[in-house]
Structures are given as structure tokens and as C-alpha cells.
Amino acid sequence: MTGRLVGSGDAVAAARLLAASGRPWCWLDGEAAAPGEPRVSYFGVASEVRIAEPGAEREFLAGLRAAPERPDAPAMPGFHGGWAVALSYEFGVALLGLEPARDAGTGLPAPAFALRLDGVLAIDHERGASELRGDTSELEALLDTRLPGDLPSFGPHRYFGSEPVNRSETTATSEERDERRLWRRTDADYAREVEACRSAIRDGEAYVLCLTDTAEVRGRFDPLELFLRLRARGGAVRGGVIAAGDRALVSASPERFLSVRGRRILTHPIKGTRPRGADPEADRALAEQLAADPKERAENLMIVDLMRNDLGRVCEAGSVGVEGFLRVESHPHVHQLVSTVAGTLRAGADVFDAIEVCFPGGSMTGAPKRRAVEILRELEGAPRGLYSGCFGWVGDGGDAELAMTIRSVELRAVDGAPGLALIGAGGGITADSDPERETAEKHLKAAPLLTAVGALSSSPHPRYS
């Protein structure tokens, strides 16, 4: 059935149908995966869900690799069926041979999950066309091929948090809108940890450390509606929803982690952030300030060197190089400093080998990676969960598109209680970092997400001095 056109398509309508089915499902949304490729959204329902067991991370990846490959796996670009995956930061820590931090109380949640998609609905946003790819018989039954015709009435969505609440009851009180109450650590604590990172760097233990914090919000959350709120605020390079049982990921990520097309592999680390300006002149000034900031440039360069080293372990000798160094990308809420590292996978290596050596991504650890992870585990004291991990698709033909799990919300169902939304944010710390500015950057990154889950009445935009 690969390549069968089914109409113009409506991404939101398709997502609502799948969300109402009660099945594990996903919507992988975003801009073009690579230059010359169209901007496409992928939709699917799981024929199988695999959950990683703590301590069996390599076995989990091996199981995904060993899944039967369809004989008609296409050579044409894009996703035609395979796996939608969400890997936590702790999954990557374990791949480094280190002990991950654990949640208090019930212990560590599953560090990763994957949805098997035998086929997908692909919606090309430029052409306004929909296409069924792979074995889509189950998917077609749910969509009923009515895209975008008369849609059936939707059943109840899968909510995280079983307590029924009225819409008015989700409005945050003034106390709940105090963002400081939501975080695991106070601003003063976070500032002290910035200083601890600077001390470790001055002592020669690291060059850069990506310090993070996590906000926790209780409530009743619908993954799709939450994603639509984020999507309405502006497109993301890699956004989407992956919903699997009592856990879901909602993301508006601006950072690609690993892109694989044939034997070509790329990674796109982001290091360096500024808010958008209030007017074109101020906006341009902030972008120029970011591009010229020696601290931000040094931080990005160190992560580029780390990722060059990581890719060198799975790529042909001499094939790894930097493409598009220190360029400013502008997103709805922030400017980001981005570089691209590319290489050619050596014979016999695949995306799963690349995950094993590149994950967790250097932009979310610091350098050198192993020592950075050890220092951060001691400072942060609790697991990050899906935040600062990666998510996306791995196709049956070997191609893949994985994003860093930033600007994201992890949803967990809690039996007999409101659901839990986890939002992580942070930034890279160097010897030149200013604690107050780093704290402001954390809040800047998290504000749109906290607003989307109803924890803030509006999205503040802290300004850098």
C-alpha cells in the first residue's frame, strides 16, 4: 500500500481520530527533515508497544534492530513504517555504564518505550496531500479513510489524571502561578548549583556542564490538546505526541539529535539562547548579540567537538566534519546558536550503533561527557525522565529522525490522583556563566510549556542584561 494517496488530509482531524481510539498512537510533526525534503507529519497506531527495563537498555535497542524488516522497505525518503521511540536521559546514562538517578518512592519508571508502526499516514504540508505508507489496514480502519470528509464523533480522549474537572477548575490560582513553587529547586538553590558547576570547571573536571531542573505540575492533561496549544504558538523543528499507556511525551523541540539517510548521519547541537525582541530592531540586536557572545560560542564549540568525537566512533575515518557552524536559528520564543556535524556511517553500522555511542546528546550533558554526567547526577539529585533524552522515528529501511527531548512535557498517569506533568529546562554552564542569567534562561525556556499546562497565566519572557 506504500504511496497510496488518500486525499488532502487534515493533520488535526487525523490526530483527534487516533487519540479517540484509546490505542497507543503518535503524531510526529515538524519541518523538513533535511534540505530538499518536504515538511511532513506522520501518524500511526501501535501494533505493539515495547517497554525498556532498567538495566536492559542495550537489549532493548537490539530488540528493535532485530524486528523483521519488510521486504518492500522503500528507498524513497521519509518514514514508511518502523518504530516511534522515546528514550529517557537515564536510558543514555545507563548506556555510559553509569548508575542513573532514581525517582523517590516507587523507583525508576520505564526508561524508554517504542511503538511499532506497521504503516503510517503521511501528510505533506506543502502539497496539502495525504499518503498511506506501509501496511495501513489497521490505521485505515481507525481513520475510515475520511480525510478530510465527514468525521465521526470523537470518543473521550485519554486523559492523564482521572479526576473530572471543569474547564474553570484548571485555571491556575495566583499562588499556583508562582513559577518558583513548581520547581524541584528554588532559584537560590539553582544559582548555587551554577556556582558549583563553575567551580568544577575551574578545577579542571569539565569544560562545560548542562545543568537542569524540573517543574512538576499536577492536573488533568490531554496529550493532544496540550500539543495543539504548543503548536499554535509556532512550529518546531521536531514536535509531536507519543502516547503509550500511562505515559506520554508532548514536544515542541527545536533541536534535531540524529538524522540518518542511507549511510549519511548528522547531528545538530544547540548551545546558546536569547529571547526574541519586542520589535524587529531589538530582535535583530539580540540575535547579533547571541552570534557574537564569546561564552555562547565557546560552549557551542565544545559540544561540537564532543559530537565530532562521538560520530567518529561509528563513521568512516575522515568522513566527519562540521557543516553550518555557529548559525543563529530563530524560533517563536527564542534565538538559538546551532551547528551541524555530519559523517558517513561505516560499513555494518546503523542508527542503533549511533545511539549507543552518541546518547545522551552532548548538548544535554556537557564535556567531557562521562565526567559531566557524574557531576550533574550529584548536583541534580533526581532523574530527568524523558526530558533531555531523545524521540522520533526509526524506519524499517534504516533511516531515522530523532530529536532532542527539550521544550517538552512528560505526562504520567497516577492511580487515584491527578496526573503529573514534568517539564525540564536548564542551560550550559561555563566558567564565564552568570548565575542570575542562567536562572533567567531556565525560566525563559520553560515558560511557554508551563503556560500550556495551565501552571502560568501568561508566558513571561525574561530579558538578559
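Note that the structure is predicted; figures quoted are calculated from it, not measured.

A. Representation of the packing of helix α2 (residues 57–65) against helix α9 (residues 351–358). α9 packs onto α2 with a crossing angle of 165° between their chain directions and a minimal axis gap of 10 Å. As summarised for this structure, α2 and α9 are arranged roughly antiparallel, according to the angle between their axes. Crossing hand, α2 versus α9: right-handed. Contacts between α2 and α9 involve Arg58, Leu61, Leu64 and Arg65 from the former and Phe352, Asp353, Ile355 and Glu356 from the latter. Counted by class, the contact of α2 with α9 contains 4 nonpolar, no polar and 4 charged residues.

B. Representation of helix α11 (residues 435–452). Taking 1.5 Å of rise per residue, 18 residues should cover 26 Å, and α11 covers 27 Å from first to last C-alpha, within 8% of that figure. In α11, a bend of some 40° at alanine 446 exceeds every other bend along the element, and proline 448, a proline, comes one to four places later. Counted residue by residue, α11 has 15 buried out of 18 residues, so it is predominantly covered. Remark: glycine 454 follows α11 within two positions and exhibits a positive phi of approximately 90°.

C. Inspection of the confidence of the model for the protein chain at higher detail. Per-residue pLDDT for the protein chain averages 84, and the proportion of residues at 70 or more is 81%. Here residues 162–177 is modelled with pLDDT under 50, and outside its nearest four sequence neighbours on either side it reaches 20 contacts, counting other chains as well. Between residues 459–465, whose pLDDT stays under 50, and residues either more than four places distant or in other chains, the model counts 21 contacts.

D. View of the environment of alanine 413. Secondary-structure assignment places alanine 413 in the loop between β20 (408–412) and β21 (419–429). Alanine 413 sits in the partly exposed class, given a relative accessible area of 25%. A sequence separation of 193 residues divides alanine 413 from arginine 220, and the C-alpha atoms of the two residues are 9.3 Å apart.

E. Here's a closer look at the nonpolar core. Ranked by internal contacts, the top residues of the largest apolar core, which has 44 residues, are Phe60, Phe91, Phe257 and Ile355. Core analysis: the second largest hydrophobic core is formed by 43 residues, Ala19, Leu143, Leu182 and Ala252 among them.

F. Examining the pattern of salt bridges more closely. Taken as a whole and judged by the stated rule, the model has 37 salt bridges. The partner of glutamate 131 in a salt bridge is arginine 133, and the shortest N-O contact between them spans 2.8 Å. Arginine 133 matches glutamate 131 in its accessibility class, with the two residues each being buried. One salt bridge in this structure joins aspartate 293 and arginine 274, with 2.7 Å as the shortest N-O distance. Of the two residues, aspartate 293 sits in the loop between α7 (280–292) and α8 (294–312) while arginine 274 sits in strand β14 (residues 270–275), which places them 19 residues apart along the sequence. By relative accessible area, which is 13% here, aspartate 293 ends up buried. Residue class for arginine 274 comes out buried when judged on its relative accessible area of 0%.

G. Structural context of the side chain of arginine 185. In this structure, arginine 185 sits in the loop between α4 (137–143) and α5 (187–202). When its relative accessible area of 10% is taken as the criterion, arginine 185 is described as buried. Side chain to side chain, arginine 185 and aspartate 213 meet in a polar contact 3.3 Å long. Excluding its chain neighbours within four sequence positions, the residues that come into contact with arginine 185 are Tyr190, Glu193, Leu211, Thr212, Asp213, Glu380 and Lys442.

Here is what the cut-offs are and how they apply
Residues numbered from 1 in each chain as written. Predicted model: local features only at pLDDT ≥ 70, side-chain atom pairs only at ≥ 80, totals over all residues. Heavy atoms only, no water. Axes fitted to C-alpha atoms, helices over the stretch in contact; angles between N-to-C directions. Helix = DSSP H or I, 4+ residues; strand = E, 2+ residues; numbered from the N terminus. Parallel < 35°, antiparallel > 145°, perpendicular 65-115°, else oblique. Left-handed = near helix turned anticlockwise from the far one by under 90°. Contact = heavy atoms within 4.5 Å. Nonpolar A, V, L, I, M, F, W, Y, C, P; charged D, E, K, R; others polar. Expected span 1.5 Å × (residues − 1). Bend = angle between axes of the 7 residues up to and from the residue. Buried < 20%, exposed > 50% of the residue type's maximum accessible area, 1.4 Å probe, protein only. pLDDT = per-residue confidence, 0-100. Core = buried A, V, L, I, M, F, W, Y, C linked by side-chain atoms within 4.5 Å. Salt bridge = Lys/Arg side-chain N within 4 Å of Asp/Glu carboxyl O. Polar contact = N/O pair within 3.5 Å; in protein donor to acceptor, adjacent residues only side chain to side chain.

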